[in-house]
Amino acid sequence: MKPKYLLTGNEAVARGAYEAGVKVCSSYPGTPSTEIFENLPQYQGELYCEWAPNEKVAVEVAYGAAIAGTRSLCAMKHVGVNVAADPLFTAAYNGVNRGFVIVTADDPSMHSSQNEQDNRYYAKAAKVALVEPSDSQECIDFLKEAYKISERFDMPVLFRTTTRISHSKSLVSFSKRQQAEAFVYKRNVRKNVCTPANAYLNHPKVETNLNMLQEYSNVCPLNQMELKGRENGVITASIAYQYAKEVFPEDTSFLKLGLSYPLPMDLIRDFASKVEKLYVIEELEPFMEEQIKAAGIDCIGKELVSNMYELNPQRLREMLFGVKPETKPLDVEAVSRPPALCPGCPHRGFFYTMAKGKNFIVTGDIGCYTLGAAAPLNAMDTTICMGGGFTVGMGMAKAFETTGQTEKKVFGVVGDSTFFHSGLTGAVEIIYNKGRVIPVVLDNHITGMTGHQDNPGTGYTLQGEIAASIKIEEILKSCGYKDIFIVDPQDLAAMQKAVDDALASEVPGAIITRRPCLLIKRAKHDIGLCVVDAAKCIGCKKCLSVACPAVTIKNKKCAIDPTQCVGCTVCAQVCPVGAISRKEDK
């Protein structure tokens, strides 16, 4: 009997890539997909893995490997596919030489995302196969099958997980690594050079392969009937299968889909004929339901099950059968704990400085620093997408310029990882089109929001190798920025001077705030402790304006939690009476 291991879905996907004989893996970190690639370096003797600067690059690298003749893997969160869509759609036309799988990790309920888009529609739009596992064992087994589908039907495969699949644990068994035979690469202009003429000829091939795949879906081992009673039948996939199994009666029949695009319509018709009432249970949009109803098959779906937020057994039971979970009212309310920048966060000094500025517009970005928008800092005007800190700022600056609102000063903000991801083009946009925007790069030496992954500026690769550390200031200089102000953001006087100097500069200027995140283990940090002299404290609460979780008010005086404080002294610098000082030994 094989031993069992308890793995998250992300860990299992990494294992599945190893067992499938994958050779080249490229990704950009994004919750909930990040841990897939954090678990790949343990197999680096058998495969190559990397962090790419962004998702588009990651897809292109992985696709290039598939063209060259090795199985390849790419992974990203759902919004990352928006960035990577350009090569994905073309790869569908060109086809593959060896298996090419893209993991899209969707985030229903937006636990760490700006939307909850349903990426199943990408499979339909790009005309590629869609595979959806429902637990960790299926993350291994289905991924191996996805490579067979990719090679058999000459197309990329989208492998869709969700937050619950990615982060929940279940038991798995391991198998030996398959040594996929390498394809001997030969130049094939007709297949791989996507000129309009070749694309014109490729489109019929795409449709033919998709029709063949639909026929195969009716017998695909990833799609399984579980026949019990005739009264209720459920068509479902992914984590919704697990919820539906808990909620529906024991005698319910199920059609569980693992290959969910194209849908196995013959199999669905056969299943529908075996039950009296047919339900389609899926998270988010009516992706399957719309197609099933369009095929003339009557079913129950989104008229009962919401298309917003992730499902769970309690929600599903209430929506379907009106059964509310039993609750017991309490006389107390939980203390509100909104997200906040960590104690000692290097971003705090920058946003405190921005909050003081009159007529400052701060266009932000995706990362830890998005919390600069939260009270009491309230120092950010927009957050749209990665790279948008620079480019949205450019649009606002041009709008202010055309309407004569010259008193407004626009600061476009990105982090160091985001700068390499999609900030470079925004920096060029500002210079090229003469934008009245001061670009600001918050350099904390790491990709912080997703759990400390390396990027082109950290000096290390995903596999732990020492790499070239690309200097942000050198890139900005090469773009044409003449005045570049590099500052430690925890020195509030220096931070204010950098802002003033940038505003006063008569040539294009930029700001780089530079201090490593305190959670970086390999960095040496200056840790101390701030203490309060209660006799000096006047209870003005100015210290609360820096939004540090370690700083509170007790008995109308400032109090600092020694278990949280790291001695950054930002609170001490804002105290008007010098009641806060740093003690060196914590």
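To be clear, the structure that these remarks concern was listed above.
Residues numbered from 1 in each chain as written. Predicted model: local features only at pLDDT ≥ 70, side-chain atom pairs only at ≥ 80, totals over all residues. Heavy atoms only, no water.

Participant: Break down helix H1 (residues 9–19) for me, citing the residues and quoting the values.
Facilitator: Counting buried residues along H1, 10 of its 11 residues qualify, which places the element largely inside the surrounding structure. When we look at burial in H1, the residues that qualify are Gly 9, Asn 10, Ala 12, Val 13, Ala 14, Arg 15, Gly 16, Ala 17, Tyr 18 and Glu 19. Of the residues flanking the end of H1, it is Gly 21, one or two places downstream, whose phi is positive at about 80 degrees. (Buried < 20%, exposed > 50% of the residue type's maximum accessible area, 1.4 Å probe, protein only. Helix = DSSP H or I, 4+ residues; strand = E, 2+ residues; numbered from the N terminus.)

Participant: Break down a nonpolar patch on the surface for me, citing the residues and quoting the values.
Facilitator: Taken together, Met 110, Met 308 and Tyr 309 make up a surface patch of nonpolar side chains, about 270 Å² in accessible area. Within the secondary structure, Met 110 is located in the loop between strand E5 (100–106) and helix H5 (120–126). Classification of Met 110 by relative accessible area gives partly exposed; the value is 31%. (Patch = residues over 30% accessible without salt bridge, like charges linked within 9 Å, V, L, I, M, F, W, Y side chains within 5 Å. Areas by Shrake-Rupley, 256 points an atom, 1.4 Å probe, with all protein chains shown as cover. Salt bridge = Lys/Arg side-chain N within 4 Å of Asp/Glu carboxyl O.)

Participant: Any details on the layout of surface pockets? Residues and values, ideally.
Facilitator: Here the largest pocket is characterised by a volume of approximately 750 Å³. In this structure, the largest pocket is lined by 39 residues; those nearest its centre are Ser 112, Ile 366, Gly 367, Met 386 and Met 449. Per-class residue counts for the lining of the largest pocket are 14 nonpolar, 22 polar and three charged. (1 Å grid on protein atoms, 1.4 Å probe; cavity = no way out; pocket = protein on both sides within 12 Å on 5 of 7 lines; lining within 4 Å. Points joined across faces, edges and corners; volume = space filled by probe spheres on them. Nonpolar A, V, L, I, M, F, W, Y, C, P; charged D, E, K, R; others polar.)

Participant: Tell me what's going on with the side chain of Thr 236, and back it up with residues and numbers.
Facilitator: Looking at where Thr 236 falls in the secondary structure, it is placed in strand E10 (residues 232–237). Side-chain polar atoms of Thr 236 contact the backbone nitrogen of Tyr 241, separated by 3.3 Å. Not counting the four nearest positions on each side in its chain, Thr 236 is found in contact with Tyr 241, Phe 254, Leu 255, Lys 256, Leu 257, Ile 281 and Met 288. (Polar contact = N/O pair within 3.5 Å; in protein donor to acceptor, adjacent residues only side chain to side chain. Contact = heavy atoms within 4.5 Å.)

Participant: Report on the pairing of strand E4 (residues 72–77), specifying residues and quantitative values.
Facilitator: Burial analysis of E4 places six of its six residues in the buried class, which makes it a mostly covered element. With burial as the criterion, each face of E4 is covered, one bearing Ser 72, Cys 74 and Met 76 and the other bearing Leu 73, Ala 75 and Lys 77. Bridge count between strand E2 (residues 24–27) and E4: four bridges; the pairing is parallel. Looking across to E4, one finds that Val 24 is bridged to Ser 72. When E4 meets E5, the two strands line up parallel, connected through six bridges. Bridging across to E5, Lys 77 finds its partner in Ala 105. Between the parallel elements E4 and E5, the chain passes through helix H4 (residues 78–94) in a crossover that is right-handed. (Pairing = 2+ DSSP bridges. Right-handed = clockwise from strand over helix to strand, strands pointing away.)

Participant: Describe unusual backbone geometry, naming the residues involved and giving the relevant values.
Facilitator: Following Thr 31, the chain continues to Pro 32 via a peptide bond in cis, the omega torsion being 15 degrees. With respect to the helices and strands, Pro 32 occurs in the loop between E2 and helix H2 (34–38). A cis amide bond, omega -5 degrees, links Tyr 261 with the succeeding residue Pro 262. For Pro 262, the location among the structural elements is in the loop between strand E12 (259–261) and helix H11 (265–272). Unusually for a residue other than glycine, Asn 378 sits at a positive phi of about 50 degrees. Tracing the backbone shows Asn 378 in the loop between strand E14 (360–363) and helix H15 (388–402). Judged by relative accessible area, Asn 378 falls into the exposed class, the value being 51%. One non-glycine residue, His 452, lies in the positive phi region at around 75 degrees.

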